Amino acid sequence: MAPAQVLDKYYLSITLLVTVGYQLLGFAIAWTFQFDKITDFTGGSNFFILALLTLLMVNTYHTRNVVASVFVMVWAARLAGFLLFRVLKTGSDTRFDDIRSHFFKFMGFWIGQIVWVWTVSLPFVILNSPAVSDVATGGTNPKFGTARDIVGIVLWSIGWMVETLADIQKFRYKSTKPPKDRPIQTGIWKWSRHPPYFGEMLCWWGIWTLCLSPTTNGGNPGLLGSVKAAQRAAVVSPIFTVLLLMFASGVPTAEKPTAKKFFLMSHSTSSSSSSSSGSPEYPDAWPKYKAYLASTSILIPIPPTLYRPLPAWLKKTVLLDFPLYQFDEGTDGRKALDEDRTSRDD
C-alpha cells in the first residue's frame, strides 16, 4: 500500500490538526470538571499518538522509522503514565491552583502544550513523511546503522535511563516523608539538581540525530533541497526543549522557589516552620542548602567532589548555573520575608 499523503507531503498540517483537536478536547474536559489530572497525561500521550499515526500513514516500515517512532512512543508512554500516576497519588497539581478557574489563563496552558508537542515532534514527523521516506516518489532510506543512527540511539538511551531513574528515585524519596530541611541527595540527584530535565534534553537530541541520516547519508543524490532543509530545520525540536526547560517551564520554576523555601525555614519567625518560642525551627536549613548548591551541578550530572572546587565563573557559564537562577539574600530574601509576614497578617 502506498503512503498516504494528507494535506502536505511533510505531515505538518495533519499532525498540527490532530494536536490541536486532542489538546482542546483535554482542555474542554479539564475546564468542565475543574480538575487537572489529565493535563500532563494529554501532553505525553499526544506524542505517542503522533508517532504511531505518522508511522502507519507513511506505510514504509524502514528500520530507522520504526526505531525512532518506537523510541518516541516508549518515552511518551513512560512520561504520560508516570505523571498520571503521580497526580492521582497526590490528588491535584498545585501549578494550576491559581489558573484552574480562569478560562483564558487555563486555556493558555493548553495552547502552550499544543506548541510544545507539535514543535518537539518535528524530527520524527518529517522522517515518517512521504517527502523523506517514500523511495518511490523521490525519498530515500540509507542503510540503518550510520554513525548518526548509533549516536542518536546512544543519546536517547542515556537520556531515557537518566530521566526514568531520576523520576523513580525522587518519587520513592518523597514517599519516605524525608526531613523538611534538606533537599533530595539520593542516587543521581547527588550529581544533578535537575536530572530529569537533563535526560529529556538528551532524548530529543538523540531523536533528531537518529532521524537525520536520510539527508546526510541518503543514497538518492536527487533528494530535494527542500527535504534536506526540512530535516535540518527540525533541530528546532531539541533546541526548543533546551530553551523551554532552561528558561521557561523547567529550571526557573524550581530554583528560586526552592531556595525561597529553605531561606524562610531559617529566617522566618512567623511561618509554620518556626518553633513555639518564635525562633526558626530549622536554623541550619539555609546554610545547608547553600552548601548543597555549591556542591551539586544544576543540570549536567557531575560528582560533587569534582563540582564543588570548580570556580564560580565556570559554574555560572559553561555549567549553566546562570545568574537568573540565583536567590539573592538581600533582595529576594527581603521580599520573601515581607511576603511571608503579609500572608500571616492576612
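Anyway, here's the lowdown on the structure attached to this text.

## Side note on unusual backbone geometry
Even without a glycine there, the phi angle at Lys177 is positive, about 55 degrees. With respect to the helices and strands, the residue Lys177 is situated in the loop between helix 7 (147-175) and helix 8 (195-211). Positioned with a positive phi, Leu320 is a non-glycine residue whose angle comes to about 75 degrees. Structurally, Leu320 is set in the loop between helix 15 (312-315) and helix 16 (332-345).

## Section: the packing of helix 1 (residues 12-33) against helix 4 (residues 103-120)
For any two helices packed against each other, one specifies the inter-axial angle together with the distance between the axes. Helix 4 packs onto helix 1 with a crossing angle of 150 degrees between their chain directions and a minimal axis gap of 9 Å. With respect to each other, helix 1 and helix 4 are oriented roughly antiparallel. Once helix 1 is placed against helix 4, the crossing between them reads as right-handed. Of the residues in helix 4, those touching helix 1 at Leu12, Thr15, Leu16, Thr19, Val20, Gln23, Gly26, Phe27, Ala30 and Trp31 are Phe103, Phe106, Met107, Trp110, Gln113, Ile114, Val117 and Trp118. Grouping the constituent residues of the contact of helix 1 with helix 4 by class yields 13 nonpolar, five polar and no charged.

## Some thoughts on the side chain of Gln113
Tracing the backbone through its elements, the reader meets Gln113 in helix 4. Given a relative accessible area of 5%, Gln113 falls into the buried group. With near-sequence residues (within four places) excluded, Gln113 lies in contact with Gln23, Thr39, Thr42 and Gly43.

## Here's the deal with the packing of aromatic side chains
According to the stated counting rule, one finds 22 aromatic pairs in the structure shown. Seen from their ring centres, Phe247 and Phe322 are 5.9 Å apart, and the 15 degrees between their planes marks the pair as stacked. Of the two residues, Phe247 sits in helix 11 (residues 236-247) while Phe322 sits in the loop between helix 15 and helix 16, which places them 75 residues apart along the sequence. When its relative accessible area of 44% is taken as the criterion, Phe247 is described as partly exposed. Each ring, one from Phe322 and one from Tyr325, has its centre 6.1 Å from the other, and the planes form 35 degrees; the classification is tilted. You can call Tyr325 buried: its relative accessible area is 3%. Taken together, the aromatic side chains of Phe262, Phe263, Trp286, Tyr289, Tyr292 and Phe327 make up a single cluster linked through ring pairs.

## Some points on the pattern of salt bridges
Across all of its chains, the model carries nine salt bridges by this definition. Among the salt bridges present, the one from Lys260 reaches Glu339, with a minimum N-O distance of 2.7 Å. In this pair, Lys260 is assigned in helix 12 (residues 252-267) and Glu339 in helix 16, connecting sequence segments 79 residues apart. Look at Lys260 and you get partly exposed, because its relative accessible area is 28%. With a relative accessible area of 36%, Glu339 lands in the partly exposed category. For Asp338, the salt bridge goes to Arg341, with nearest N and O atoms at 2.5 Å.

## Quick notes on the side chain of Arg193
The residue Arg193 is located in the loop between helix 7 and helix 8 in this model. Within the structure, the side chain of Arg193 is placed 3.3 Å from the side chain of Asp321, a separation counted as a polar contact. Excluding anything up to four places from it in sequence, Arg193 contacts Glu255, Tyr292, Leu293, Thr296, Ser297, Ile298 and Asp321.

## Some details on the environment of Trp118
For Trp118, the location among the structural elements is in helix 4. Residue Trp118 is classed as partly exposed on the basis of its relative accessible area, which comes to 23%. Considering only alpha carbons, one finds Trp118 and Leu50, 68 residues apart in sequence, at a separation of 8.9 Å. Setting aside residues up to four positions removed in sequence, Trp118 forms contacts with Leu12, Thr15 and Leu16.

## Side note on the nonpolar core
Most often, soluble globular proteins have nonpolar side chains that are buried together. Counting 39 residues, the largest nonpolar core has Phe47, Val72, Trp75, Phe124, Ile126, Trp204 and Ile207 as the members making the most contacts within it. At the level of secondary structure, the elements contributing two or more residues to this core comprise helix 2 (39-58), helix 3 (63-90), helix 4, helix 5 (122-127), helix 6 (130-133), helix 8 and helix 10 (225-233). The leading source of residues in this core is helix 3, at ten residues. The next biggest cluster of nonpolar side chains, apart from the first, holds 15 residues, and it includes Tyr173, Phe198, Leu245 and Leu299.

## Quick word on the packing of helix 2 against helix 3
Running from N to C, helix 2 and helix 3 cross one another at 160 degrees; their axes reach a closest spacing of 8 Å. One way to sum up the angle between helix 2 and helix 3 is to call them roughly antiparallel. The two elements helix 2 and helix 3 cross, and the hand of that crossing is left-handed. On the side of helix 2, the interface is formed by Asp40, Phe41, Gly44, Ser45, Phe47, Phe48, Ala51, Leu52 and Leu55, while helix 3 contributes Asn65, Val66, Ser69, Val72, Met73, Trp75, Ala76, Ala77, Ala80, Leu83 and Leu84. Among the residues forming the contact of helix 2 with helix 3, the class breakdown is 15 nonpolar, four polar and one charged.

## Quick word on helix 13 (residues 285-295)
One full turn of an α-helix is made of 3.6 residues, so residues set three or four places apart face in the same direction. For helix 13, the full list of buried residues reads Ala285, Trp286, Tyr289, Tyr292 and Ser295. Those residues of helix 13 hidden inside the fold are in contact with helix 12 and helix 14 (304-307).

Cut-offs used in this document
Residues numbered from 1 in each chain as written. Predicted model: local features only at pLDDT ≥ 70, side-chain atom pairs only at ≥ 80, totals over all residues. Heavy atoms only, no water. Helix = DSSP H or I, 4+ residues; strand = E, 2+ residues; numbered from the N terminus. Axes fitted to C-alpha atoms, helices over the stretch in contact; angles between N-to-C directions. Parallel < 35°, antiparallel > 145°, perpendicular 65-115°, else oblique. Left-handed = near helix turned anticlockwise from the far one by under 90°. Contact = heavy atoms within 4.5 Å. Nonpolar A, V, L, I, M, F, W, Y, C, P; charged D, E, K, R; others polar. Buried < 20%, exposed > 50% of the residue type's maximum accessible area, 1.4 Å probe, protein only. Phe/Tyr/Trp six-rings, centres within 6.5 Å; stacked < 30°, edge-to-face > 60°. Salt bridge = Lys/Arg side-chain N within 4 Å of Asp/Glu carboxyl O. Polar contact = N/O pair within 3.5 Å; in protein donor to acceptor, adjacent residues only side chain to side chain. Core = buried A, V, L, I, M, F, W, Y, C linked by side-chain atoms within 4.5 Å.

The quantities given are spatial measurements derived from coordinates; they are silent on function.
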